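# Breakdown of the fold
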Amino acid sequence: MRFAIPIVVLLGLLALFAVGLTRDPREVPSPLIGKASPAFALPGLGGTPPQLANADLKGRPVMVNFFASWCAACRNEHPLLMQLAKDGVEIIGIDYKDTDAEGLEWLTRHGNPYRVVAADAQGVMGLDWGVYGVPETYVLSPEGTILFKQIGPVTEQAWREKIAPLMGRAS
Amino acid sequence: MVDLNVMGIRPLGRVSFVAVVLGVLAVLLSTGVQAQTPGLNEAQDTRYHQLISELRCLVCQNQTIAESNAPLALDLREQVRRQLAEGRSNEEIAGYLTDRYGDFVLYRPPFKASTALLWAGPFLLLLAALWWAMRWMRNTRAPVVRRRDIDEAAVQKLLAETRAALAAQDETKT
């Protein structure tokens with residue numbers, strides 16, 4: 001009985017740690033989930049297509065993937081993106097803070113999983129969308145609402161459990 | 001004494017030593033003087049430095065965007081500078097950033113349901129500690145006996161018994 005209070009306090013702390021320590025402090029939840037995707041207009045990477053804007057992403061669910069040729073973690077998710085593209089999943093690429101030449105060279109070397117690639121050389125769209133590191137991937141509804149944000153590489157598990165259902169796919 | 005020549009280090013002459021010290025001083029002093037941020041007037045510049053020292057860099061999470069040189073921090077500083085130059089208020093700029101990055105960008109998050117424990121937690125802990133300390137002090141204090149709680153008859157009886165016992169002891173000795 002003497003030790004009842006300390007034991008309760010200890011158990012409480014352990015419970016807090018059990019939850020807190022499994023979370024990744026580097027993952028900052030996006031306040032944009034459930035909101036309309038911020039407006040943007042970007043030139044296509046290497047001049048094709050002429051321009052990409054919000055209206056181009058409406059009408060069907062799409063993934064918007066921020067990547068860069070200088071980004072090491074982007075290499076990790078690339079094979080999965082290639083596989084998804086082969087299965088007909090529509091992924092829009094945003095080449096973040098990169099030069100067109102290096103971005104194009106990277107896509108030539110590793111393969112291009114994107115239906116369209118736009119160049120965000122200054123990171124303007126990235127800032128507006130709350131990107132703080134690449135890769136980051138947004139899932140947009142047909143109405144252009146942001147449904148989900150993957151911070152860091154898209155993993156098999158993230159695709160299967162979170163993204164596929166939103167993209168209207170049975171993983 | 002260590003012979004610097006043996007270690008391959010040539011001791012500096014007095015003149016060059018003074019030059020080095022002056023050089024270091026000049027560098028230290030020059031960083032203390034801040035150039036005014038381009039495109040901002042003096043009042044805006046003050047607000048600029050105040051704002052960027054209260055915004056968190058999301059890449060290097062324990063630094064403000066004023067301290068950090070991460071590319072994202074540069075972008076956020078530039079964004080703050082541009083919006084100040086456009087005449088936006090501090091609240092509008094903070095709102096722009098929290099709309100995109102959440103309350104986490106603010107080093108002083110607003111008080112609301114999700115941050116209540118963060119703000120009130122330390123005070124609650126202090127109250128709990130005070131309560132516990134008071135309880136502990138009360139329990140360890142010597143008990144207070146009040147006059148009216150004493151059974152006078154019992155005391156007198158005990159005294160009489162003790163005296164009788166002592167007298168009996170004295171008699172056996174003599």
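Model, not experiment: these values are computed from the prediction.

## Regarding the overall build of chain B
Secondary structure assignment for chain B yields 6 helices and 0 strands. Walking chain B from its N terminus toward its C terminus, one meets helices and strands in the order α-α-α-α-α-α. Counting all 174 residues of chain B, 23% fall into the buried class.

## Examining the interface of chain A and chain B
Counting residues at the interface gives 16 residues for chain A and 16 residues for chain B. For the pairing of chain A and chain B, the buried interface totals around 1,300 Å² over both sides, and the portion due to carbon and sulfur atoms is 53%. Summed over the three residues of chain A that lose the most area to chain B, namely V28(A), L127(A) and Y132(A), the buried surface amounts to 42% of that side. The salt bridge partner of D128(A) is R100(B), with a shortest N-O separation of 2.9 Å. Applying the counting rule to chain A against chain B returns 4 residue pairs in polar contact (both at pLDDT 80 or more). The residue makeup of the side of chain A that touches chain B, split by class, is 9 nonpolar, 4 polar and 3 charged.

## Some remarks on the layout of surface pockets
Here the largest pocket defines a volume of roughly 830 Å³. Lining the largest pocket we find 18 residues, and of these R23(A), F104(B), S114(B), T115(B) and L118(B) sit closest to its centre. Breaking the lining of the largest pocket down by element, the ones donating at least two residues are α1 (4-20) of chain A together with α5 (116-140) of chain B. At 3 residues, the largest contribution of residues to the lining of the largest pocket is made by α1(A). For the lining of the largest pocket, the per-class residue count stands at 10 nonpolar, 3 polar and 5 charged.

## Some words on the state of the cysteines
All names here are of chain A. Applying the stated criterion to the full structure yields 2 disulfides over all chains. Between the sulfur atoms of C71 and its disulfide partner C74 the distance amounts to 2.1 Å. Disulfide C71-C74: the torsion about the S-S bond is 95°, which places it as right-handed. Grouping residues by exposure puts C71 and C74 together as buried.

## What about the pairing of strand β5 (residues 116-120) of chain A?
Residues and elements named next belong to chain A. Burial of β5 is extensive: 5 of the 5 residues sit out of reach of the surface. Of the pairings in the sheet, the one linking strand β4 (residues 91-96) to β5 comprises 5 bridges and is parallel in character. Counted as the bridge partner of G93 is V117 from β5. Note that the unit made of β4, helix α3 (residues 100-110) and β5 has a crossover that is right-handed.

## Points about the packing of aromatic side chains
For any two aromatic rings, the description comes down to two numbers: the centre-to-centre distance and the angle of the planes. In total, this model carries 7 aromatic pairs over all chains according to the counting rule given. Between W129(A) and Y138(A), the aromatic rings sit 5.2 Å apart at their centres with planes inclined by 90°, giving edge-to-face as the arrangement. The exposure class assigned to W129(A) is buried, which follows from its relative accessible area of 0%. The exposure class assigned to Y138(A) is buried, which follows from its relative accessible area of 0%. Linked through ring pairs, F40(A), F66(A), Y96(A), W129(A) and Y138(A) together constitute an aromatic cluster. R56(B) extends its terminal NZ or CZ atom over the ring of F104(B), reaching a point 4.3 Å from the ring centre. Of note, R56(B) hangs over the ring of Y107(B), and the distance from its end group to the ring centre comes to 4.4 Å.

Rules of the game
Residues numbered from 1 in each chain as written. Chains lettered and ligands numbered in written order. Predicted model: local features only at pLDDT ≥ 70, side-chain atom pairs only at ≥ 80, totals over all residues. Heavy atoms only, no water. Helix = DSSP H or I, 4+ residues; strand = E, 2+ residues; numbered from the N terminus. Buried < 20%, exposed > 50% of the residue type's maximum accessible area, 1.4 Å probe, protein only. Contact = heavy atoms within 4.5 Å. Buried area = accessible area lost by both parts, 1.4 Å probe. Salt bridge = Lys/Arg side-chain N within 4 Å of Asp/Glu carboxyl O. Polar contact = N/O pair within 3.5 Å; in protein donor to acceptor, adjacent residues only side chain to side chain. Nonpolar A, V, L, I, M, F, W, Y, C, P; charged D, E, K, R; others polar. 1 Å grid on protein atoms, 1.4 Å probe; cavity = no way out; pocket = protein on both sides within 12 Å on 5 of 7 lines; lining within 4 Å. Points joined across faces, edges and corners; volume = space filled by probe spheres on them. Disulfide = S-S within 2.5 Å. Pairing = 2+ DSSP bridges. Right-handed = clockwise from strand over helix to strand, strands pointing away. Phe/Tyr/Trp six-rings, centres within 6.5 Å; stacked < 30°, edge-to-face > 60°. Lys NZ or Arg CZ within 6 Å of the ring centre and 35° of its normal.

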